[in-house]
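Reading the structure
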Amino acid sequence: MTPLDNRHFGFGDIPDQWGRTILVTGANNGLGLHAATALAGAGATVLLACRNPQTGAAALTRIRKAGSDAEHHLIPLDLTDLTSVRDAAQHACGVAPRIDVLINNAGLMAVPFGRTVDGFELQLGTNHFGHFALTGQLLPALLAAPAPRVVTLASIAHRRGRIVLDDLNFDRRKYTRMGAYNQSKLANLLFSGELARRSAAAGLPLLSVATHPGIAATNLFDSMVPPIPGALAVTHLGLRVVGNDEKDGALGQLYAATMPDVRTDDYLGPNQLFGVRGSVARSPRTGGARNTKLAAALWEKSVELTGVEYSQLVRA
């Protein structure tokens, strides 16, 4: 792994983003809200793609204060519903025919078994299939930009992930919360790599980059905390001590979205303590995450299950 030009990247190092349009999924809280606020403060026009209209509206108010000179927009998006994903893509392309960066940030972690509207296992459906469909339907707007980027949030949890192509949705396998989450994060890395290869093979300028936050004290961990008074506060304090705080957890996706030394198929995030914390660096991924045959097979399966074909790309 070659080092980045700036191993100590911080919020003050974000280049001027004036004239760029950036869509962030899950921009109403957590890492997405911190990223969207920082990007607006750097001059970008930000599209906040959010499921919850109340928290989305509050986030839009905050972002308008951070970057009042640009016309920011709230885009209703429910990644668990492919119809909502299609409508969100149409809405986004309507207000921004050119999108410079898509940040696939939203996600679920370690939730009880459930299914999306379209019958997918809930975590894979949200974290992978929803973003796969959204990216494909935003591709015309992305390719209208001179140097587009797709940034996909993965996780060090991909190391324990296992893709079972003929049982992606746990129809036969025993469901475990972390097993499903790990699979979805491995799928994010495989998708990001395959998008990079297919874009390059098609001669397109699009960069596809994956990032991870290390272990950051976000609300994703709330579903794992027992309902004991004070347990949530103690858990978040412990996460901040061991890992990154929530704000610093957004630095990887901000670097990936804005910095000039980013390369397609990079995987960026902290590397200290086996990836738990630290400044942004190029990060290692497992052999499974580098498996190009598996990535191509997952891509084809995702096309089959979502109906989104990426007609502008060719197979790598």
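The structure under discussion appears in the preceding block.
Attention here is on the structure that accompanies the text. (Residues numbered from 1 in each chain as written. Predicted model: local features only at pLDDT ≥ 70, side-chain atom pairs only at ≥ 80, totals over all residues. Heavy atoms only, no water.)

**Topic: the packing of aromatic side chains**
Using the following cut-off: Between rings of Phe, Tyr and Trp, where Trp is taken as its six-membered ring, a pair exists when centres lie within 6.5 Å; planes separated by under 30 degrees are stacked, by over 60 edge-to-face, and by other angles tilted. Relative accessibility thresholds used throughout: buried, under 20% of the residue-type maximum; exposed, over 50%; partly exposed, between the two (1.4 Å probe, protein chains only). Each helix is a run of H or I in the DSSP string that is no shorter than four residues. Each strand is a run of E no shorter than two, and both are numbered from the N terminus.
Counted according to the given criterion, the structure contains nine aromatic pairs. Ring plane angle 35 degrees and centroid distance 4.4 Å describe the contact between Phe 120 and Phe 129, whose orientation is recorded as tilted. Under the relative-accessibility criterion, Phe 120 is labelled buried at 6%. Note on Phe 129: relative accessible area 0%, which makes it buried. Here the aromatic rings of Phe 132 and Tyr 310 are separated by 4.9 Å at their centres, their planes lie at 50 degrees, and the arrangement is tilted. Of this pair, Phe 132 sits in helix 4 (residues 122–143) while Tyr 310 sits in the segment after helix 9 (292–306), placing them 178 residues apart in sequence.

**Describing the side chain of Gln 123**
Counted only if it meets this: Pairs of N or O atoms are called polar contacts if they sit within 3.5 Å, as long as, within protein, a hydrogen donor faces a hydrogen acceptor (for residues adjacent in sequence, only side-chain-to-side-chain pairs). Contact definition: two residues touch when any of their heavy atoms are within 4.5 Å.
Mapping Gln 123 onto the fold places it in helix 4. In terms of polar contacts, Gln 123 uses its side chain to reach the backbone carbonyl oxygen of Arg 177, at 3.0 Å. Residue contacts for Gln 123: discarding those within four places in its chain leaves Leu 108, Met 109, Ala 110, Val 111, His 128, Tyr 175, Arg 177, Ala 180, Tyr 181 and Ser 184.

**Some remarks on the packing of helix 4 against helix 9**
Rules: What counts as an axis is a line fitted to C-alpha atoms, over the stretch in contact for a helix, and the angles between N-to-C directions run from 0 to 180 degrees. An angle below 35 degrees is read as roughly parallel, one above 145 as roughly antiparallel, one from 65 to 115 as roughly perpendicular, and any other as oblique. Under the scheme applied, nonpolar residues are Ala, Val, Leu, Ile, Met, Phe, Trp, Tyr, Cys and Pro; charged residues are Asp, Glu, Lys and Arg; polar residues are all the others, including Gly.
Where helix 4 meets helix 9, the closest approach of the two axes is 10 Å, and the angle between their N-to-C directions is 80 degrees. On the basis of the axis angle, helix 4 is roughly perpendicular to helix 9. On helix 9, the residues touching His 128, Phe 129, Phe 132 and Ala 133 of helix 4 are Leu 298, Trp 299, Ser 302, Val 303, Leu 305 and Thr 306. Of the residues belonging to the contact of helix 4 with helix 9, the class tally is seven nonpolar, three polar and no charged.

**A closer look at unusual backbone geometry**
Even without being a glycine, Ala 110 presents a positive backbone phi close to 55 degrees. Within the secondary structure, Ala 110 sits in the loop between strand 4 (101–104) and helix 4. According to the relative accessible area criterion, Ala 110 is buried, its value standing at 2%. At Phe 170, a residue that is not glycine, the phi angle is positive and equals roughly 55 degrees. Along the polypeptide, Phe 170 turns up in the loop between strand 5 (149–153) and helix 5 (177–201).

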